[in-house]
Amino acid sequence: MMQSFAKISDLRKVLKNERMNGKSISLVPTMGFLHEGHMSLIKEARKKNDIVVVSIFVNPTQFGPNEDLETYPRDLEKDSILCEKEGVDYIFNPTVNEMYLDDYATFVDTTSNITNRLCGASRDGHFRGVMSVVTKLFNIVNPDRAYFGRKDYQQVAVIKKMVNDLSFNVEIVDCEIVREEDGLALSSRNTYLTKEQRIDALVLSRSLKEAKEEILKGERNKEKIVNGILDKISKVTYSIVDYVEVLDAKTLEDIEEINRDVVIALAVNIGKPRLIDNIIVEV
Ligand code: PAF
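These figures come from a predicted structure and were not determined experimentally.

A. Examining the layout of surface pockets more closely. The volume enclosed by the second largest pocket comes to roughly 300 Å³. Lining the second largest pocket are 14 residues, and of these Tyr153, Lys160, Asp174, Ala249 and Lys250 lie nearest its centre. In terms of residue count, the dominant contributor to the lining of the second largest pocket is helix H7 (residues 153-165) (five residues). Its residues assigned to classes, the lining of the second largest pocket shows six nonpolar, one polar and seven charged.

Encoded structure:
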């Protein structure tokens, strides 16, 4: 029977017991409004671990002042039903106050270039907020493994770097992007799309896929690839591009030409939501 806890101390108590009984513990950190992408992480966690903890917390410290913290979609009741169906053991859904006391003042940050580009360039302080909350969640749950989706490609890279640099005793497992049948990468923010924008948004996955095909056919010019994608996106009425970049898939560093494995990553507003997507190309 799944249990939900809002208090750190209550969750710690049950997990201490599980650990004493030799159980391996996994964590799937989420901000709720769960979709098949999250469920795929939960399924992976369920396969390998005795205990699956899902955290549901819309973390205010990773949202900028003009972002969608207030309107970020929430549905704890539905999330709980989905988690129970998937065999989750514990949900952790703390209040903002439980996570950040009034005098809260400690953050985790990095000087690595990894956060300067892509989403880090346009979302000031975003990764600082992510690193801080993930650190807290790791300290609360003390998981053997933690599961993250590759749609947030940069987030996975940042967390892996943090875990390595700070010697966290946790294995980071990154899982495939889950897409709708027509290619749209699943995201809680897709709910903001109107019917028309939902169709427009398909340009993102389609242009990434076509760019990958061009590289696999031999195209090595980075600018040509980026411009090809920008061109396709510009034909869509409600699109405003934040970035389209081709970077080294491992280091997320800039490249001159496509002569190694790359990730093509993009962030584009389609109407209200800012959507991100990416594709890896092994050359
Ligand atoms: O990917 C997310 O949903 C969030 O950034 C995370 C990892 C749960 C931290 O708040």
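B. The arrangement of the packing of helix H6 (residues 126-141) against H7 in detail. Running from N to C, H6 and H7 cross one another at 55°; their axes reach a closest spacing of 11 Å. When the axes of H6 and H7 are compared, the pair comes out oblique. Crossing handedness for the pair H6 and H7: right-handed. Of H7, the residues touching H6 (which contributes Phe127, Val130, Met131, Val134, Thr135 and Phe138) are Gln154, Gln155, Val158, Ile159, Met162 and Val163.

C. Geometry of the side chain of Ser239. Relative to the helices and strands, Ser239 resides in strand S7 (residues 239-248). Here Ser239 falls in the buried class, since its relative accessible area comes to 16%. Within the structure, the side chain of Ser239 is placed 2.9 Å from the backbone oxygen of Ile233, a separation counted as a polar contact. When residues no more than four places from it in sequence are discounted, the contact partners of Ser239 are Ile233, Ser234, Val268, Asn269 and Ile270.

D. Geometry of empty space enclosed by the protein. Using the criterion set out here, one finds one cavity of 30 Å³ or more in the structure. In this structure, the largest cavity spans a volume of roughly 50 Å³. Examining the composition of the lining of the largest cavity, we find that three residues originate from one element, strand S9 (residues 274-281), more than from any other. Of the residues assigned to the lining of the largest cavity, the class counts are five nonpolar, two polar and one charged.

Rules used in this analysis
- Residues numbered from 1 in each chain as written.
- Predicted model: local features only at pLDDT ≥ 70, side-chain atom pairs only at ≥ 80, totals over all residues.
- Heavy atoms only, no water.
- 1 Å grid on protein atoms, 1.4 Å probe; cavity = no way out; pocket = protein on both sides within 12 Å on 5 of 7 lines; lining within 4 Å.
- Points joined across faces, edges and corners; volume = space filled by probe spheres on them.
- Helix = DSSP H or I, 4+ residues; strand = E, 2+ residues; numbered from the N terminus.
- Nonpolar A, V, L, I, M, F, W, Y, C, P; charged D, E, K, R; others polar.
- Axes fitted to C-alpha atoms, helices over the stretch in contact; angles between N-to-C directions.
- Parallel < 35°, antiparallel > 145°, perpendicular 65-115°, else oblique.
- Left-handed = near helix turned anticlockwise from the far one by under 90°.
- Contact = heavy atoms within 4.5 Å.
- Buried < 20%, exposed > 50% of the residue type's maximum accessible area, 1.4 Å probe, protein only.
- Polar contact = N/O pair within 3.5 Å; in protein donor to acceptor, adjacent residues only side chain to side chain.

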